[in-house]
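Topology and contacts: notes
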Amino acid sequence: MVQTQTSQQHHPQALIDLDNKLSQRFIELDPGGYFLIYLERDSGLICAKHFTNVINDKGLACDPETGEPLPCDGEVQRQHSQVYTGRTAKELCIAIFENRDRPCPVTMLDHAAYLGREFVRAEFALLSAQDYIQD
């Protein structure tokens, strides 16, 4: 049986390759800050720690207190500004984006879309007892 181009494009490995390629693209950083997403399995929660940052003239995220660029790897040694939690991706998104008591920490639509995708991945990992590693 001959596969058509459409079916080859929807082959699971082709989709994984596409996703990996798209993860390597340049993105502008959100001046509203960034999130570190993790699971608290014992509590059944998806967690997102929010950290503030400033973006320098080179487009690098910097510590607002020191002005030093933030490392992309290794542990963060900074204090988070807020921790958001939810049992589902939707509950977590509502906590972040629909809280009328405080300004939304996300200022860019592409950042919001990224977070939504990551929260769904984290929810799937939580429900399926798989590891979750933030993209």
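What counts and how
- Residues numbered from 1 in each chain as written.
- Predicted model: local features only at pLDDT ≥ 70, side-chain atom pairs only at ≥ 80, totals over all residues.
- Heavy atoms only, no water.
- Helix = DSSP H or I, 4+ residues; strand = E, 2+ residues; numbered from the N terminus.
- Buried < 20%, exposed > 50% of the residue type's maximum accessible area, 1.4 Å probe, protein only.
- Contact = heavy atoms within 4.5 Å.
- Pairing = 2+ DSSP bridges.
- Axes fitted to C-alpha atoms, helices over the stretch in contact; angles between N-to-C directions.
- 1 Å grid on protein atoms, 1.4 Å probe; cavity = no way out; pocket = protein on both sides within 12 Å on 5 of 7 lines; lining within 4 Å.
- Points joined across faces, edges and corners; volume = space filled by probe spheres on them.
- Phe/Tyr/Trp six-rings, centres within 6.5 Å; stacked < 30°, edge-to-face > 60°.

**With respect to the environment of alanine 95**
- With respect to the secondary-structure elements, alanine 95 resides in helix α3 (residues 89-97).
- When its relative accessible area of 25% is taken as the criterion, alanine 95 is described as partly exposed.
- Each C-alpha atom of the pair alanine 95 and threonine 85 lies 7.5 Å from the other, and the pair is ten residues apart in sequence.
- Non-local contacts of alanine 95, meaning those with residues more than four positions away in its chain, are made with Tyr84 and Thr85.

**Thoughts on the sheet that holds strand β1 (residues 34-40)**
- Spatial strand order, β1-β2-β5: three strands in an open sheet with antiparallel pairing. In the strand order of this sheet, the two ends are held by β1 and β5 (82-86), each with one partner. Taken pair by pair, the neighbouring strands of this sheet meet at an average axis angle of 25 degrees, ignoring direction.
- Pairing between strand β2 (residues 45-51) and β5: five bridges, direction antiparallel.

**A look at the layout of surface pockets**
- Here the largest pocket is characterised by a volume of approximately 1400 Å³.
- As for the largest pocket, its lining consists of 39 residues, of which Ile27, Leu29, Tyr114, Gln134 and Asp135 are closest to the centre.
- Going through the elements one at a time, α2 (12-23), β1 and α4 (109-128) are the ones with two or more residues in the lining of the largest pocket.

**Focus on the packing of aromatic side chains**
- The tally for this structure, following the rule as stated, stands at two aromatic pairs.
- Between tyrosine 34 and phenylalanine 51 the ring centres are 5.1 Å apart and the planes differ by 10 degrees, which places this aromatic pair in the stacked class. In this pair, tyrosine 34 sits in strand β1 while phenylalanine 51 sits in strand β2, placing the two residues 17 residues apart along the sequence.
- By relative accessible area, tyrosine 34 is classed as buried at 18%.
- Centre to centre, the rings of phenylalanine 35 and tyrosine 84 are 6.1 Å apart; their planes meet at 50 degrees, and the pair counts as tilted. Of the two residues, phenylalanine 35 is situated in strand β1 and tyrosine 84 in strand β5; the sequence distance between them amounts to 49 residues. As far as the burial class goes, phenylalanine 35 and tyrosine 84 line up, both buried.

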